[in-house]
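Take a look at the letters that make up each chain.
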Amino acid sequence: MRGLRVRLWQAGLLLGFLLLWEWASRTGRIDPFFFSLPSAIAQRVWRWFATGEVYPHLYITTVEMLLAFALGTLLGVVFGLWLALAPAVAAVLDPYVKALNAIPRVVLAPIFTLWFGLGVLSKVALGVTLVFFVAFFNTYQGVKEVSPLVLQNARLLGAKPSHLLRHVYLPAAASWIFSSLRTSIGFAVIGAVVGEYLGSAAGLGYLIAQAEGVFDTTGVFAGMVVLMAFVLALDALVGTVERRLLVWRSKEREGGSA
Amino acid sequence: MASFLEFRQVTVAFGDYVAVEGVSLALAPGAFVSLVGPTGCGKSTLLNVAAGLLAPSRGEVLLEGRPLKGLNPVAGYLFQQDAILPWKTALDNVALPLVFRGVPWGEARERARVWLEKVGLGRFLRHYPHQLSGGMRKRVGLAQVLIAGPKLLLMDEPFSALDIQTRQLMENELLRLWQEDRKTVLFVTHDLEEAIALSDRVVVMSAGPRSRPIGDFPIPLPRPRDVAEIRLTPEFLRLHREIWELLRGEVLRAHAGA
């Protein structure tokens, strides 16, 4: 049972780390004011959920994140397909894509706040600018790597452009798009939380910023824990969908298309 | 008899490299013609020209007396490497050419099932290509090409990657299917025995570059044939000796050039 042994080691590692942290904080080897205690963080998370005070924030962040994720991915895939299938357009737009991608997205947050206000929209916009490029580059790459032989064969068998898109390009790019989805989720959360952190009235980022404002490290860590669990859950969901949609891939050859 | 497919003074150059030069070759309807020659003699180039994947630099291809423009609409092309879609099951792969022609999926799958049974894969309908052996994938490819009802079958060393037993099995299978409705076949191989065993006519190409046909041998062996048994008949051996006489010089020249 190698799988079980690995699991046990993983659990042990986490437990050991938490115990060490708890012990160091309790015995004053690290300052609980700056580092808090795992037990206090767990208690705080528990209280948030028990009293229900975290739910409105969680809801806001979820909405922002999902909107950014969906919109960014959709735009990224559409533009990725378009530029990959129209090399002339790609040649023209190439420097602009590179230039836009070179902007550190966080500096856009103030601009988006000015444009879209303090609400959900400005966070979604920030998330989209992050998610878009991941989906875009992966889709572009995926389409570019379609086996020319498979493509020629499909054409000779009578495929029209719409057939090629549906039966050749998209499935071939699917493994790239899926790997981009898993990165995108993290980016969507970053967009939402950083946006909230920099200016908002609700959301987990707001919660963390508030806690930080009053030097409540327990609150900051508790916010981090909730975010982490949230992203892991979404990642697992995407993983399940991915396994279902990519059953055709052989085990030993991950991500290939030829 | 009017020829079904005719190369007229076809020259194909890739930049400065002239692959084939001044090729004139006419295929009678229903004829099984093999092109043999040393590696790099432009056999595949001629197939690509016949399929309409490649436009000749000079000369033209006539299809039933009319110049060929763009993709050849009546050609089925079986490539040397697998060109079936790895993300579709055997059944869907074979159904696809019908779907491209506007047949609904249900009916297309029904007809695909019949074809897969014809090539001996009735029990592997739901398998993905990576779950099939090399020989089975070739059968899927063959069924996929034949289901569209091509009048011209172009084959580029389709069985060269298979072991010798599977190969003879596939050759017999091909002859059996061909016997049913006698499509015109242009079969490219570097294996002279395979060429003689299958064909009505064997055309020998000179070593490249500037390759062209240098010998044209009718193969008057009786049909139906068994490719394994026919190799042992005196008539086969006589033909083999006669053609090899010519081919050997070209193979040596190709070697010296390479």
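Model, not experiment: these values are computed from the prediction.

## A look at the sheet that holds strand 10 (residues 213-218) of chain B
All names here are of chain B.
Here's step 1: Sheet architecture is open: six strands sit in the order 6-7-8-3-9-10, paired in mixed fashion. Of all the strands in the sheet, just strand 6 (75-78) and strand 10 have a single pairing partner and so form its edges. Direction aside, neighbouring strands of the sheet carry axes that sit 15° apart on average.
Here's step 2: Note that strand 3 (residues 32-36) and strand 9 (residues 201-205) share four bridges and pair parallel. Looking at the pairing, Val-36 lines up with Val-204 of strand 9.
Here's step 3: The strands touched by helix 1 (residues 43-51) within the sheet are strand 3, strand 6, strand 7 (152-156), strand 8 (184-189) and strand 9, with strand 7 carrying the most contacts at an inclination of about 150°.

## Some words on the UniProt feature "transmembrane region" (unreviewed entry) in chain A
Residues and elements named next belong to chain A.
Here's step 1: Per the UniProt annotation, the sites labelled "transmembrane region" (unreviewed entry) are residues 65-93, 185-208 and 220-241.
Here's step 2: The distance separating the terminal C-alpha atoms of residues 65-93 is 28 Å; by composition the span is 97% helix and 0% strand.
Here's step 3: In residues 220-241, the share of helix is 100% and the share of strand is 0%. The end C-alpha atoms are 32 Å apart.

## Comments concerning the domain arrangement of chain A
Residue and element names in this part refer to chain A.
Here's step 1: In terms of domains, chain A is made up of domain 1 (1-33) and domain 2 (36-245).
Here's step 2: Domain 1 and domain 2 are separated by 31 Å when their C-alpha centres are compared.
Here's step 3: Opposite the eight residues of domain 1 that make contact, domain 2 presents eight residues.
Here's step 4: When the buried surface of domain 1 facing domain 2 is broken down by residue, Trp-21, Glu-22 and Phe-33 rank first, second and third, together holding 66% of it.
Here's step 5: Here domain 1 is connected to domain 2 by zero salt bridges.
Here's step 6: Remark: the boundary between domain 1 and domain 2 carries five residue pairs in polar contact (both at pLDDT 80 or more).
Here's step 7: Every element with two or more residues in the side of domain 1 that touches domain 2 is listed here: helix 1 (2-26) and helix 2 (32-35).
Here's step 8: At five residues, the largest contribution of residues to the side of domain 1 that touches domain 2 is made by helix 1.

## Looking at the UniProt feature "domain: ABC transmembrane type-1" (unreviewed entry) in chain A
Here's step 1: Taken from the UniProt record, the annotation "domain: ABC transmembrane type-1" (unreviewed entry) applies to residues 58-238 of chain A.
Here's step 2: Secondary structure over residues 58-238 of chain A splits into 87% helix and 0% strand, and the C-alpha atoms at its two ends are 20 Å apart.

## Brief notes about the packing of helix 4 (residues 55-85) of chain A against helix 5 (residues 87-102) of chain A
Residues and elements named next belong to chain A.
Here's step 1: At their nearest, the axes of helix 4 and helix 5 sit 6 Å apart, and the two run at 125° to each other. Put simply, helix 4 runs oblique to helix 5. Residues Trp-82, Leu-83 and Leu-85 of helix 4 touch helix 5, and the partners they reach there are Pro-87, Val-89, Ala-90, Leu-93 and Val-97.
Here's step 2: Taken together, the residues that form the contact of helix 4 with helix 5 break down as eight nonpolar, no polar and no charged.

## Section: the UniProt feature "domain: ABC transporter" (unreviewed entry) in chain B
Here's step 1: The feature "domain: ABC transporter" (unreviewed entry), as annotated in UniProt, sits at residues 5-232 of chain B in this numbering.
Here's step 2: The span residues 5-232 of chain B is 34% helical and 26% strand by assignment, and the distance between its end C-alpha atoms comes to 32 Å.

## Describing the packing of aromatic side chains
Here's step 1: Under the counting rule described, the total for this entry stands at 20 aromatic pairs over all chains.
Here's step 2: Considering the side-chain rings of Phe-112 of chain A and Phe-116 of chain A, the 5.8 Å spacing of their centres and the 35° angle between planes classify their relative orientation as tilted. Of the two residues, Phe-112 of chain A and Phe-116 of chain A both sit in helix 6 (residues 108-116), four residues apart, roughly one turn of that helix.
Here's step 3: Taking relative accessible area as the criterion, Phe-116 of chain A reaches 37% and is therefore assigned partly exposed.
Here's step 4: Site record: aromatic cluster; members linked through ring pairs are Phe-79, Trp-82, Phe-132, Phe-133, Phe-136, Phe-137 and Tyr-140 of chain A.
Here's step 5: Across the ring face of Trp-115 of chain B, the terminal group of Lys-118 of chain B is positioned such that the distance to the ring centre comes to 4.2 Å.

## Considering the interface of chain A and chain B
Here's step 1: At the junction of the two partners, chain A supplies 21 residues and chain B supplies 24 residues.
Here's step 2: Carbon and sulfur atoms supply 70% of the area buried between chain A and chain B, which totals about 2,100 Å² over both sides.
Here's step 3: On inspection of chain A and its partner chain B, the count reaches zero salt bridges.
Here's step 4: With seven residues, the single largest contributor to the side of chain A that touches chain B is helix 8 (residues 148-156) of chain A.
Here's step 5: Class assignment of the residues belonging to the side of chain A that touches chain B gives a composition of eleven nonpolar, seven polar and three charged.

## Brief notes about the sheet that holds strand 4 (residues 58-63) of chain B
Residues and elements named next belong to chain B.
Here's step 1: On the basis of which strands lie adjacent, the open sheet formed by four strands has the order 2-1-4-5 and antiparallel pairing. Each edge of the open sheet carries a strand with a single partner, namely strand 2 (17-27) and strand 5 (66-67).
Here's step 2: Two elements, strand 4 and strand 5, share two bridges in a ladder whose sense is antiparallel. Considered in strand 5, the bridge of Leu-63 is made with Arg-66.
Here's step 3: Contacts from helix 1 reach strand 1 (5-14), strand 2 and strand 4, with the element oriented near 120° to strand 1.

Reading the values: the criteria
Residues numbered from 1 in each chain as written. Chains lettered and ligands numbered in written order. Predicted model: local features only at pLDDT ≥ 70, side-chain atom pairs only at ≥ 80, totals over all residues. Heavy atoms only, no water. Pairing = 2+ DSSP bridges. Helix = DSSP H or I, 4+ residues; strand = E, 2+ residues; numbered from the N terminus. Axes fitted to C-alpha atoms, helices over the stretch in contact; angles between N-to-C directions. Contact = heavy atoms within 4.5 Å. UniProt positions renumbered as here; feature names shortened; annotations may be inferred. Domains from an automatic or database assignment. Buried area = accessible area lost by both parts, 1.4 Å probe. Salt bridge = Lys/Arg side-chain N within 4 Å of Asp/Glu carboxyl O. Polar contact = N/O pair within 3.5 Å; in protein donor to acceptor, adjacent residues only side chain to side chain. Parallel < 35°, antiparallel > 145°, perpendicular 65-115°, else oblique. Nonpolar A, V, L, I, M, F, W, Y, C, P; charged D, E, K, R; others polar. Phe/Tyr/Trp six-rings, centres within 6.5 Å; stacked < 30°, edge-to-face > 60°. Buried < 20%, exposed > 50% of the residue type's maximum accessible area, 1.4 Å probe, protein only. Lys NZ or Arg CZ within 6 Å of the ring centre and 35° of its normal.

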